[in-house]
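Residue strings, one per chain:
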Amino acid sequence: MKKKKYNYSAVLILTVISFILTFALSSIFKNSILSYLLSIVVSFGFQFAITASLLYSPNASLGEYFNKFNLIDVKSVIIGVLTFVIQFLVLVLSVYILSIFYKSYSLEILIIPFIILLVLNILVYILFFYQLFYVIDNRNKNLSIFKLFVNATEIGASLFGKTLLQLLKYLIGLLFIPFVNKYTFFIGLALMFIYIIAITPVVLSRCSFAYKEYTNFEDNK
């Protein structure tokens with residue numbers, strides 16, 4: 001099988017910049033509502049640029065990756081907001097349910113709803129993972145917002161197994177990060193952060209290839 005190429009360094013740099021800007025906004029505005037809103041805007045913008053680049057020109061230069069910001073349109077923003085709202089509401093509901101269990105039951109019992117709700121959040125995340133890919137795909141530009149959302153969700157469901165496998169394949173490395181005692185704990189946290197940043201381009205690229213294969217997409221189409 002021919003190895004599929006993409007610009008790992010470009011995706012990595014955009015991911016790092018997104019994290020830095022998000023952290024800076026949080027520090028400047030002291031975790032206010034404004035900081036959260038601005039962080040969402042920044043995260044969406046970089047996620048859009050990376051997704052569009054992996055979709056149309058995965059092996060392009062860093063400059064060309066940045067140029068994909070110009071492709072952001074109303075439909076992509078609406079889909080992005082809709083996806084975020086659903087994922088956020090599921091997360092908030094999960095935290096609320098856990099808080100109820102925390103007040104009423106022991107920590108031993110709490111682990112059961114925690115695992116169930118964690119699985120639920122992962123399921124929702126993967127189900128809506130391909131929303132941006134689908135809305136950026138020019139073949140779908142004439143579809144309504146509702147049709148875009150429904151079709152992309154169906155693709156997420158169809159590719160659920162492949163997407164989950166990619167996430168597990170790379171995140172399994174977290175199990176080998178040391179959290180032995182208080183001295184290695186902070187080292188472990190630092191290594192975990194670096195590892196997640198480093199594998200993000202790999203996971204995103206593999207998922208983009210899965211989308212292209214499933215939808216018969218051709219690069220630079």
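Residues numbered from 1 in each chain as written. Predicted model: local features only at pLDDT ≥ 70, side-chain atom pairs only at ≥ 80, totals over all residues. Heavy atoms only, no water.

### What about the packing of aromatic side chains?
Right, on to step 1. Per the stated rule, a full pass over the model turns up 15 aromatic pairs.
Right, on to step 2. Ring centres of F44 and F48 lie 6.2 Å apart, and the angle between their planes is 45 degrees; on these two criteria the pair is classed as tilted. Within this pair, F44 and its partner F48 are both found in helix α2 (residues 33-56), separated by 4 residues, close to a single helical turn.
Right, on to step 3. On the numbers, 5.2 Å between centres and 70 degrees between planes, the contact of Y56 with F217 is edge-to-face. Residue Y56 is found in helix α2, and its partner F217 is found in the segment after α9 (182-215); the two are separated by 161 residues along the sequence. Pair check on accessibility: Y56 and F217 agree, each one buried.
Right, on to step 4. Through pairs of rings, three or more aromatic residues link up here, namely Y125, F129, Y130, F133 and Y211. (Phe/Tyr/Trp six-rings, centres within 6.5 Å; stacked < 30°, edge-to-face > 60°. Helix = DSSP H or I, 4+ residues; strand = E, 2+ residues; numbered from the N terminus. Buried < 20%, exposed > 50% of the residue type's maximum accessible area, 1.4 Å probe, protein only.)

### Structural notes on the packing of α2 against helix α4 (residues 74-104)
Two packed helices can be described by the angle between their axes and the distance between those axes.
Right, on to step 1. Where α2 meets α4, the axes come as close as 11 Å, and the angle between the chain directions of the two elements is 120 degrees. It follows from the interaxial angle that α2 and α4 lie oblique. For the crossing formed where α2 meets α4, the hand is right-handed. Across from I40, F44 and F48 in α2, the residues of α4 making contact are S76, V77, G80 and F84.
Right, on to step 2. Split into classes, the residues belonging to the contact of α2 with α4 amount to 5 nonpolar, 2 polar and no charged. (Axes fitted to C-alpha atoms, helices over the stretch in contact; angles between N-to-C directions. Parallel < 35°, antiparallel > 145°, perpendicular 65-115°, else oblique. Left-handed = near helix turned anticlockwise from the far one by under 90°. Contact = heavy atoms within 4.5 Å. Nonpolar A, V, L, I, M, F, W, Y, C, P; charged D, E, K, R; others polar.)

### Considerations on the environment of A190
Right, on to step 1. With respect to the helices, strands and loops of the structure, A190 is situated in helix α9.
Right, on to step 2. Judged by its relative accessible area of 40%, A190 is partly exposed.
Right, on to step 3. Spatially, the C-alpha atoms of A190 and L98 are 27 Å apart, while their sequence positions differ by 92 residues.

### Digging into a nonpolar patch on the surface
Right, on to step 1. Taken together, the side chains of I33, L37, I40, I72, V77, V81, F84, V85, F88, L89 and V92 make up a nonpolar region of the molecular surface, amounting to roughly 910 Å² of accessible area.
Right, on to step 2. Looking at the nonpolar patch, the elements that each hand over two or more residues are α2 and α4.
Right, on to step 3. By the secondary structure assignment, I40 is in helix α2. (Patch = residues over 30% accessible without salt bridge, like charges linked within 9 Å, V, L, I, M, F, W, Y side chains within 5 Å. Areas by Shrake-Rupley, 256 points an atom, 1.4 Å probe, with all protein chains shown as cover. Salt bridge = Lys/Arg side-chain N within 4 Å of Asp/Glu carboxyl O.)

### Some points on the side chain of S76
Right, on to step 1. Residue placement: S76 occurs in helix α4.
Right, on to step 2. Looking at S76, its side chain comes within polar contact range of the main-chain oxygen of D73, at 2.8 Å.
Right, on to step 3. Those residues in contact with S76 that lie beyond four places of it in its chain are F44, F48, L132 and V135. (Polar contact = N/O pair within 3.5 Å; in protein donor to acceptor, adjacent residues only side chain to side chain.)

### Side note on helix α8 (residues 160-171)
Right, on to step 1. The first and last C-alpha atoms of α8 sit 16 Å apart over 12 residues, in line with the 16 Å expected at 1.5 Å per residue.
Right, on to step 2. Listed as buried for α8 are T163, Q166, L167 and Y170. Buried residues of α8, seen end-on, are gathered within an arc of 95 degrees and therefore sit on one face of the element. More than 90 degrees from the buried face of α8, the exposed residues found are L165 and L168. (Expected span 1.5 Å × (residues − 1). Arc of directions from axis to C-beta.)

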